[in-house]
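Structural description and commentary
Here are the chains, one letter per residue:
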Amino acid sequence: MALQCGIVGLPNVGKSTLFNCLSNAKAQAANFPFCTIEPNVGVINVPDERLNKLAELVHPQKIVPTTVEIVDIAGLVKGASKGEGLGNKFLANIRETDAILHVLRCFDDENVTHVDGSVNPVRDKEIIDAELQLKDLETIESRISRVEKQAKTGGDKAAKLAFEVYAKIREALLKGESARTVTFETKDEIKAARELFLLTAKPVLYVCNVDEASAVSGNKYVDEVREAVKKENAEILVVAAKIESEIAEFDTYEEREIFLSEIGLEESGVNRLIKAAYKLLNLQTFLTAGPQEVRAWTFEKGWKAPQCAGVIHTDFEKGFIRAEVIKYDDYLSYGSEAAVKEAGKMNVEGKDYIVQDGDIMHFRFNV
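So, here's what we can say about the structure. (Residues numbered from 1 in each chain as written. Predicted model: local features only at pLDDT ≥ 70, side-chain atom pairs only at ≥ 80, totals over all residues. Heavy atoms only, no water.)

**Things to note about the nonpolar core**
Formed by 59 residues in total, the largest nonpolar core has its most connected members in Ile 70 and Leu 101. The element contributing the most residues to this core is helix 10 (residues 269-280), with 6 residues. In this structure, Val 147, Ala 159, Leu 173 and Leu 196 belong to the second largest nonpolar core, which totals 20 residues. (Core = buried A, V, L, I, M, F, W, Y, C linked by side-chain atoms within 4.5 Å. Buried < 20%, exposed > 50% of the residue type's maximum accessible area, 1.4 Å probe, protein only. Helix = DSSP H or I, 4+ residues; strand = E, 2+ residues; numbered from the N terminus.)

**Considerations on a negative patch on the surface**
A contiguous patch of negative charge on the surface is contributed by Asp 108, Asp 211, Glu 212, Glu 246, Glu 249, Asp 251, Glu 254, Glu 255 and Glu 257. The element that contributes the greatest number of residues to the negative patch is helix 9 (residues 253-263), accounting for 3 residues. Position of Asp 251 among the secondary structure elements: in the loop between helix 8 (241-247) and helix 9. Under the relative-accessibility criterion, Asp 251 is labelled exposed at 74%. (Patch = residues over 30% accessible without salt bridge, like charges linked within 9 Å, V, L, I, M, F, W, Y side chains within 5 Å. Areas by Shrake-Rupley, 256 points an atom, 1.4 Å probe, with all protein chains shown as cover. Salt bridge = Lys/Arg side-chain N within 4 Å of Asp/Glu carboxyl O. Lys, Arg positive; Asp, Glu negative; His and termini not counted. Charge placed at Lys NZ, Arg CZ, Asp CG, Glu CD.)

**Thoughts on the pattern of salt bridges**
Taken as a whole and assessed by the stated rule, the structure comprises 19 salt bridges. A salt bridge links Arg 50 to Asp 357; its shortest N-O distance comes to 3.1 Å. Separated by 307 residues along the polypeptide, Arg 50 in helix 2 (residues 49-58) and Asp 357 in the loop between strand 11 (347-349) and strand 12 (360-365) bring together distant segments of the chain. By relative accessible area, Arg 50 is classed as buried at 18%. Assessed through its relative accessible area of 37%, Asp 357 is described here as partly exposed. A salt bridge links Lys 160 to Glu 164; its shortest N-O distance comes to 2.6 Å. Here Lys 160 and its partner Glu 164 are both found in helix 5 (residues 157-174), 4 residues apart, which amounts to about one turn of the helix. Linked through salt bridges whose partners overlap, the residues forming this network are Asp 48, Arg 50 and Asp 357.

**So, the sheet that holds strand 2 (residues 40-45)**
Across the sheet, which stays open at both edges, the 6 strands sit in the order 2-4-1-5-6-7 with mixed pairing between neighbours. A single partner strand is all that each edge strand has here, and the edge strands are strand 2 and strand 7 (235-239). Looking at each pair of strands side by side, their axes are set apart by 25 degrees on average, direction ignored. Inspection of the sheet shows strand 5 (residues 99-105) paired to strand 6 (residues 204-209) by 6 bridges, in the parallel sense. By the bridge assignment for strand 6, Ile 100 is matched with Val 204. (Pairing = 2+ DSSP bridges. Axes fitted to C-alpha atoms, helices over the stretch in contact; angles between N-to-C directions.)

**Examining the packing of helix 5 against helix 6 (residues 187-194)**
It is the contact of helix 5 with helix 6, at a shortest axis distance of 9 Å, that shows an interaxial angle of 65 degrees. In this structure, helix 5 crosses over helix 6, and the sense of that crossing is right-handed. Packed against helix 5, whose contacting residues are Leu 161, Val 165, Tyr 166 and Ile 169, the element helix 6 presents Asp 188, Glu 189, Ala 192 and Ala 193 at the interface. (Left-handed = near helix turned anticlockwise from the far one by under 90°. Contact = heavy atoms within 4.5 Å.)

**Here we look at the packing of aromatic side chains**
Counted under the stated rule, the structure contains 6 aromatic pairs. Ring centres of Phe 286 and Trp 297 lie 6.3 Å apart, and the angle between their planes is 15 degrees; this geometry places the pair in the stacked category. Taken together, the residues span a long stretch of sequence, with Phe 286 in strand 8 (residues 283-289) and Trp 297 in strand 9 (residues 293-300) at a distance of 11 residues. For the pair formed by Phe 286 and Trp 297, the shared burial category is buried. When the centroid spacing of 5.9 Å and the interplanar angle of 45 degrees are considered together, the rings of Phe 286 and Phe 299 count as tilted. Pair noted here: Phe 286 is in strand 8 and Phe 299 is in strand 9, with a separation of 13 residues, a long-range link. Residue Phe 286 is classed as buried on the basis of its relative accessible area, which comes to 0%. Phe 299 sits in the buried class, given a relative accessible area of 0%. Through successive ring pairs, a cluster of aromatic residues spans Phe 286, Trp 297, Phe 299, Phe 320 and Phe 363. (Phe/Tyr/Trp six-rings, centres within 6.5 Å; stacked < 30°, edge-to-face > 60°.)

Next comes the structure, spelled out in structure tokens:
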């Protein structure tokens, strides 16, 4: 599954520094606006400790983690929705992503210029929210004008439903609220809303970029952001991008762990960010384990066995017969697939089985 998260924010908030830490790609990081114009794309491995533990038992030729694409999008500015600061190009790049990682500057540093002259992450958030909302409002107004007449006079049920959905979203946008805050009850309403591909309907993770002293517990700026987004049902992650860039320079896992321990962190911000992005997209992982490879596969939470089989190959889904499922904890407890089978802990599941995160799967199919 090709999945993308777009990193957005005002210029000079630490987006490119964070992107470099994530992907080890060298996006240009400099102290002036529009340093990043073309989006940088990094394919990021999703950290999963289960793969290494399985590999210790299976001894495969290789380990293959699952991935998420991270796109570093140039800094947005006030007026982007009208084309200011190359805004139209930036907004088009955001539209192609599945979720948004919104980086907010939550640190003081007189050596790093702020595009608006002072540090205020809530104001920064509202600037970008407003630009995305204005762009979405353009989309909604255009769609409403197409269906309004049919909805009110033509007796077209589909047009009536679409008009009601669009009107509800427009009402929220006019109040300065994002489309993701609007809830719908029926599947048809949800479908009509999704087909709009609105910018502010995308799930968002607010990444508070702090200084080293605030890396563990946050600071007053983080508290302000937390208060500002509490009605959005959005996630917040505290990361010190400068520290993350130092961690990325270490050659060994052991060196990184020692450094993290010294500053009071159990896990790097980069790892936490990747995991949070994965969760943001409502994604889970099933595993396959054999002598050739131990591998993680991405699927959407709630998918059934045939859909997950199709992630490996479309033929697996078309000719699905059954799935042999071993729970991860059982595999670790018994030490091998053969021992799990002997203990009667391997389940044979049919087409209606809802795959769980961490399931070790073997699909039987016939095409």
